[in-house]
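# An overview of the molecular structure
The chain contents come next:
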Amino acid sequence: MAEIVRYTDAEALARAAAQQVVLLAQQAISTRGHFSIVLSGGSTPRMLYEALARLPFRDQIDWQNTHVFWGDERCVPPDHADSNYHMAHKALLTHVPVDTKQIHRLRGEDAPDLAASTYETALKRFFAPQSPQFDLILLGLGDDGHTASLFPGTTALHEETRWVAANYVPKLAAWRLTLTPHVINQAAAIVFLVVGEGKADILREVVHGPYQPELYPAQRIEPETGRLIWMVDEAAASLL
Ligand code: 6PG
């Protein structure tokens, strides 16, 4: 059952999300010895990363036992302004002592199919022989109902076996790389971060509307056994 938690504004949400990351990291490291977090692109997650890069949260996470992954990536080089890796590197990774060998980025500079298969191989190596159960996957929500790079009407929505897909997005006239719903839904915890009145309509449709995942891919996110938490500000939640 999804949990919806409302916050007065984006800053309060970012602080609460940082506290949630700290808690999940401490739980994962104490039980499994490491913490695997999947980062999202977008302006809302960036606020969280900036909070995690500052005190008090920065020193409350055992970065030496943290592995960082991405839920999706644009097909651009890692130093490109549109790169989700580039955004997280600037907002968080240059400010915390996580080992570069534990930063597992999608190679957006490679051909899309090669980048997807390379990442899938890396994930299979990381999780072997288990199935891919990330401790925490962070997601944003696009105003068209997309999440990660699972866009309405695109092929990755129907991928049932691959862990990582190269996904052509006609509306963007661009390729994207994305974890598939199959992998995302195995996570121990999935947290959506949604802010702003511009997301009020889509949030209501996704959370309370009829099940139409082709139209609203975020509805494909239904954890098999894990927790699903919607962290939303009052503006985004105004129509719930
Ligand atoms: C991306 C993100 C994408 C993002 C949403 C919401 O690569 O762009 O992964 O899924 O999370 O578009 O972005 P905002 O939070 O900036 O609205």
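Our structure's up above, just so we're on the same page.
In this text the structure is predicted, and so the values were computed from the model without any measurement.

Our focus in this paragraph is the environment of Glu222. With respect to the helices, strands and loops of the structure, Glu222 is situated in the loop between α6 (200–208) and β9 (227–233). By relative accessible area, which is 45% here, Glu222 ends up partly exposed. Spatially, the C-alpha atom of Glu222 lies 8.5 Å from that of Ala2, the residues being 220 residues apart in sequence. The residues touching Glu222, leaving out its near neighbours within four places in the chain, are Asn185 and Tyr211.

A few words now on the packing of helix α2 (residues 43–52) against helix α3 (residues 84–93). Running from N to C, α2 and α3 cross one another at 30 degrees; their axes reach a closest spacing of 8 Å. Regarding the angle of α2 to α3, the classification is roughly parallel. Residue-level inspection shows Arg46, Tyr49, Glu50 and Leu52 of α2 in contact with α3, the latter providing Met87, Ala88, Ala91 and Leu92.

A few words now on the packing of aromatic side chains. For the structure on display, the rule yields seven aromatic pairs. Plain terms: the ring middles of Phe69 and Phe126 are 5.0 Å apart, the flat faces sit at 70 degrees to each other, and that makes the pair edge-to-face. Of this pair, Phe69 sits in strand β3 (residues 66–70) while Phe126 sits in helix α4 (residues 112–127), and the two are 57 residues apart along the sequence. Its relative accessible area of 23% is what places Phe126 among the partly exposed residues. Ring centres of Phe192 and Trp230 lie 3.9 Å apart, and the angle between their planes is 5 degrees; this geometry places the pair in the stacked category. On the criterion of sequence distance, the pair formed by Phe192 in strand β8 (residues 189–194) and Trp230 in strand β9 is long-range, its members being 38 residues apart. Considered together, Phe192 and Trp230 belong to a single accessibility category, that of buried residues.

Criteria and cut-off values
- Residues numbered from 1 in each chain as written.
- Predicted model: local features only at pLDDT ≥ 70, side-chain atom pairs only at ≥ 80, totals over all residues.
- Heavy atoms only, no water.
- Helix = DSSP H or I, 4+ residues; strand = E, 2+ residues; numbered from the N terminus.
- Buried < 20%, exposed > 50% of the residue type's maximum accessible area, 1.4 Å probe, protein only.
- Contact = heavy atoms within 4.5 Å.
- Axes fitted to C-alpha atoms, helices over the stretch in contact; angles between N-to-C directions.
- Parallel < 35°, antiparallel > 145°, perpendicular 65-115°, else oblique.
- Phe/Tyr/Trp six-rings, centres within 6.5 Å; stacked < 30°, edge-to-face > 60°.

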